[in-house]
Amino acid sequence: LNNEEPIGQDFNFDIESKATLRETLIKQLDDFKINKNQIEISKLIIDCIDESGRLANEINEIEEISNFLFKENEITDCLVNIIHKLKPYGVGYRDYKECIKIQINNSSISKKKKFLINSILSNEKMDDIKQIKDSFLRQGYSEKIFNDVLDEIKNCDLSPGLNFERTEFIAADLKI
């Protein structure tokens, strides 16, 4: 009888809750000063984001899902000005270039590097890395700057929602 420990002495009162990507994105909407329609559109868009963070539906499909309550331009506006500002950065992307652009535009790198990265990503004529590098060097940029910019692109996550899981600890109000 003396060997018994008091009941509950080793009980761990830290309770954790796993927040899903969807829940976390919706919770972040509170940080924006947006109207009721923008909240509804944003939630509709979030429901169309797959586990990797990609927007799984086209804008016109989202318009149809809303029973044409919201127009394509309203949906696009919410996607670009709200969803693309949520963390993890990159969610709501429609293609990989957009995913990288979202992450770069929300990063703390210099404006010059952002400009160079966006010029690389928006150049539809050149898709060969050697062509792009030669073009940069002809414009007077150094090889070091080009390599730095390329490293920034390589550091972007092409599936920003995939490994997302936020753990929140819930503190017990009362211990009995």
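Below: a short report on this structure. Predicted model only: the values in this text are computed from it and were never measured.

1. Examining the overall build of the chain
Phase 1 of the analysis: What the chain contains, in helices and strands, is eight helices and two strands.
Phase 2 of the analysis: Taken from the N to the C terminus, the helices and strands of the chain come in the order β-α-α-α-α-α-α-α-α-β.
Phase 3 of the analysis: Counting every position in the chain, which comprises 176 residues, the buried fraction comes to 34%.
Phase 4 of the analysis: Taking the intrachain contacts of the chain between residues at least 6 apart in sequence as the baseline, contacts between residues at least 24 apart amount to 62%.
Phase 5 of the analysis: As presented, the chain carries roughly 11,900 Å² of accessible surface, and 49% of it is formed by carbon and sulfur atoms.

2. What about unusual backbone geometry?
Phase 1 of the analysis: In this model, Lys 87 is joined to Pro 88 through a cis peptide bond whose omega is 5°.
Phase 2 of the analysis: With respect to the helices and strands, the residue Pro 88 is situated in the loop between α4 (72–81) and α5 (96–105).
Phase 3 of the analysis: Not every positive phi belongs to a glycine, and Asn 67 is a case in point at roughly 55°.
Phase 4 of the analysis: Of note in the backbone geometry, Phe 68 takes a positive phi value of approximately 60° without being a glycine.
Phase 5 of the analysis: Among the secondary structure elements, Phe 68 is positioned in the loop between α3 (59–65) and α4.

3. Observations concerning helix α6 (residues 111–121)
Phase 1 of the analysis: Residues Lys 114, Leu 116, Ile 117, Asn 118, Ile 120 and Leu 121 constitute the buried set of α6.
Phase 2 of the analysis: On the buried face of α6, the contacting elements are α5, α7 (129–138) and α8 (143–154).

4. Here we look at the environment of Lys 71
Phase 1 of the analysis: Position of Lys 71 relative to the elements: it lies in the loop between α3 and α4.
Phase 2 of the analysis: On a C-alpha basis, the gap between Lys 71 and Asn 60 in space is 8.3 Å, while along the polypeptide they are eleven residues apart.
Phase 3 of the analysis: Side-chain polar atoms of Lys 71 contact the backbone oxygen of Phe 68, separated by 3.3 Å.

5. Quick notes on the packing of aromatic side chains
Phase 1 of the analysis: Going through the model one piece at a time under the given rule, you end up with three aromatic pairs.
Phase 2 of the analysis: With a centroid separation of 5.4 Å and an interplanar angle of 40°, the aromatic rings of Phe 136 and Tyr 141 are classed as tilted.
Phase 3 of the analysis: Assessed through its relative accessible area of 22%, Tyr 141 is described here as partly exposed.

6. Observations regarding the packing of α6 against α8
Phase 1 of the analysis: It is the contact of α6 with α8, at a shortest axis distance of 10 Å, that shows an interaxial angle of 75°. The orientation of α6 relative to α8 falls into the category roughly perpendicular. Contacts from Lys 112, Lys 113, Leu 116, Ile 117 and Ile 120 in α6 reach Ile 145, Phe 146, Asp 148, Val 149, Glu 152 and Ile 153 in α8.
Phase 2 of the analysis: Broken down by class, the residue content of the contact of α6 with α8 amounts to seven nonpolar, no polar and four charged.

7. Let's talk about the environment of Thr 76
Phase 1 of the analysis: Tracing the backbone shows Thr 76 in helix α4.
Phase 2 of the analysis: A relative accessible area of 28% places Thr 76 in the partly exposed class.
Phase 3 of the analysis: Along the primary structure Thr 76 and Glu 63 are separated by 13 residues, whereas in three dimensions their C-alpha atoms are 10.0 Å apart.

8. Some details on the nonpolar core
Phase 1 of the analysis: Among the nonpolar cores identified, the biggest contains 22 residues, and Leu 25, Ile 45, Ile 46, Leu 55, Ile 75, Ile 83 and Leu 86 are the most heavily contacted of them.
Phase 2 of the analysis: Elements with a minimum of two residues in this core: α1 (21–28), α2 (36–47), α3 and α4.
Phase 3 of the analysis: Considering each element in turn, this core owes the most residues, four residues, to α2.
Phase 4 of the analysis: Look past the residues within four positions of Ile 83 in its chain and what remains in contact with it is Ser 42, Ile 45, Ile 46, Ile 49, Cys 78, Val 91 and Gly 92.

Conventions adopted
Residues numbered from 1 in each chain as written. Predicted model: local features only at pLDDT ≥ 70, side-chain atom pairs only at ≥ 80, totals over all residues. Heavy atoms only, no water. Helix = DSSP H or I, 4+ residues; strand = E, 2+ residues; numbered from the N terminus. Buried < 20%, exposed > 50% of the residue type's maximum accessible area, 1.4 Å probe, protein only. Contact = heavy atoms within 4.5 Å. Areas by Shrake-Rupley, 256 points an atom, 1.4 Å probe, with all protein chains shown as cover. Polar contact = N/O pair within 3.5 Å; in protein donor to acceptor, adjacent residues only side chain to side chain. Phe/Tyr/Trp six-rings, centres within 6.5 Å; stacked < 30°, edge-to-face > 60°. Axes fitted to C-alpha atoms, helices over the stretch in contact; angles between N-to-C directions. Parallel < 35°, antiparallel > 145°, perpendicular 65-115°, else oblique. Nonpolar A, V, L, I, M, F, W, Y, C, P; charged D, E, K, R; others polar. Core = buried A, V, L, I, M, F, W, Y, C linked by side-chain atoms within 4.5 Å.

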